[in-house]
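As a plain string of letters, each chain reads:
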Amino acid sequence: SQQGEEDPQALSIQEGENATMNCSYKTSINNLQWYRQNSGRGLVHLILIRSNEREKHSGRLRVTLDTSKKSSSLLITASRAADTASYFCATDARDYKLSFGAGTTVTVRA
Amino acid sequence: GAVVSQHPSRVICKSGTSVKIECRSLDFQATTMFWYRQFPKQSLMLMATSNEGSKATYEQGVEKDKFLINHASLTLSTLTVTSAHPEDSSFYICSAPWREGRNEQFFGPGTRLTVL
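Let me sum up the structure you'll find in this document. Treat the numbers as computed from the prediction; the structure is a model and nothing was measured.

### With respect to the overall build of chain A
Here's step 1: Secondary structure summary: chain A contains 0 helices and 11 strands in total.
Here's step 2: What you see in chain A, going N to C, is helices and strands ordered as β-β-β-β-β-β-β-β-β-β-β.
Here's step 3: Along the three orthogonal principal directions, the C-alpha set of chain A runs to about 40 × 30 × 20 Å.
Here's step 4: A burial count over chain A gives 45% of its 110 residues as buried.
Here's step 5: When contacts within chain A are restricted to residue pairs at least 6 apart in sequence, long-range pairs at least 24 apart make up 53% of them.
Here's step 6: By element, 44% of the accessible surface of chain A is carried by carbon and sulfur atoms, the whole surface being about 5,200 Å².

### Let's talk about the interface of chain B and chain A
Here's step 1: In this assembly, 24 residues from chain B lie in contact with 22 residues from chain A.
Here's step 2: Between chain B and chain A, a total of about 1,700 Å² is buried, with carbon and sulfur atoms accounting for 54% of that surface.
Here's step 3: Where chain B meets chain A, there are 1 salt bridge.
Here's step 4: Between Glu59 of chain B and Lys97 of chain A there is a salt bridge whose closest N-O contact spans 3.0 Å.
Here's step 5: The tally of links from chain B across to chain A stands at 5 residue pairs in polar contact (both at pLDDT 80 or more).
Here's step 6: Counting residues per element, the ones that place at least two in the side of chain B that touches chain A are strand 4 (32-38), strand 5 (44-51), strand 9 (90-97) and strand 10 (105-107) of chain B.
Here's step 7: For the side of chain B that touches chain A, the leading source of residues is strand 5 of chain B, giving 4 residues.
Here's step 8: The residue inventory of the side of chain B that touches chain A, partitioned by class, reads 10 nonpolar, 8 polar and 6 charged.

### A few points about the packing of aromatic side chains
Here's step 1: Scanning the entire structure with this criterion turns up 8 aromatic pairs over all chains.
Here's step 2: Ring centres 5.9 Å apart and planes at 55 degrees place the aromatic pair Tyr35 of chain A and Phe100 of chain A in the tilted group. Of the two residues, Tyr35 of chain A sits in strand 4 (residues 31-37) while Phe100 of chain A sits in strand 10 (residues 98-100), which places them 65 residues apart along the sequence. The same class applies to Tyr35 of chain A and to Phe100 of chain A, which are both buried.
Here's step 3: Aromatic pair Tyr35 of chain A and Phe107 of chain B: ring centres 5.1 Å apart, planes at 75 degrees, arrangement edge-to-face. Taken together, the residues span two chains, with Tyr35 of chain A in strand 4 and Phe107 of chain B in strand 10.
Here's step 4: Three or more aromatic residues joined by ring pairs make a cluster, and in this case those are Tyr35, Phe88 and Phe100 of chain A together with Tyr36 and Phe107 of chain B.

### With respect to the state of the cysteines
Residues and elements named next belong to chain A.
Here's step 1: This structure, assessed with the given rule, holds 2 disulfides over all chains.
Here's step 2: The disulfide bridge from Cys23 ends at Cys89, spanning 2.0 Å between sulfur atoms. Given an S-S torsion of about 70 degrees, the disulfide between Cys23 and Cys89 has right-handed geometry. With a gap of 66 residues between them, Cys23 in strand 3 (residues 19-24) and Cys89 in strand 9 (residues 85-92) connect regions that are remote in the sequence.

How each quantity is defined
- Residues numbered from 1 in each chain as written.
- Chains lettered and ligands numbered in written order.
- Predicted model: local features only at pLDDT ≥ 70, side-chain atom pairs only at ≥ 80, totals over all residues.
- Heavy atoms only, no water.
- Helix = DSSP H or I, 4+ residues; strand = E, 2+ residues; numbered from the N terminus.
- Buried < 20%, exposed > 50% of the residue type's maximum accessible area, 1.4 Å probe, protein only.
- Contact = heavy atoms within 4.5 Å.
- Areas by Shrake-Rupley, 256 points an atom, 1.4 Å probe, with all protein chains shown as cover.
- Buried area = accessible area lost by both parts, 1.4 Å probe.
- Salt bridge = Lys/Arg side-chain N within 4 Å of Asp/Glu carboxyl O.
- Polar contact = N/O pair within 3.5 Å; in protein donor to acceptor, adjacent residues only side chain to side chain.
- Nonpolar A, V, L, I, M, F, W, Y, C, P; charged D, E, K, R; others polar.
- Phe/Tyr/Trp six-rings, centres within 6.5 Å; stacked < 30°, edge-to-face > 60°.
- Disulfide = S-S within 2.5 Å.

These values are about where atoms sit, not about what they do.
As structure tokens, then:
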């Protein structure tokens, strides 16, 4: 079942700006993952943060996790036109089953 | 990185027919694969877990007789939408964990099913 809620639903920014999106979830988790989906395509894994981690970086991506608030954020710094996509958080409670958030559609304007 | 393929990428069929979608792990073995469906501008909903050599397990509300899953080998899972109807039109995506102990999953490119 879908347990993540993301906000904003949509985000439009200028190239070079930062994009921040948030994800909240309801139940306890083993880890939380962020994925990107280009229109009509499959998902690409971006970053995984474990329940005992608070922050993680990967290139221009920064993810935070607050298990007390059951929330996570994804920050994309210095955005590029190629970052235009939908971004989903997914929680993994057990057995590799992922429960996805509603997604944030990011549009980066050149 | 690991690659998961799906075939076909698009299929259009008439109402009442059955459609088979294949999901293959190309460079790794997957004892478990997952099938999701995604409606336009919506999130992915887990349909079922495909288990190599045993029956699939379905999420609540998913009809097992409607969506037949066969995981015949360590690299292939198939989803058959039986007696398809227009409301089955959706984007179907499979995924597989790369290996035991690794939590990130690799997703196929998806199959767009349109039932007329």
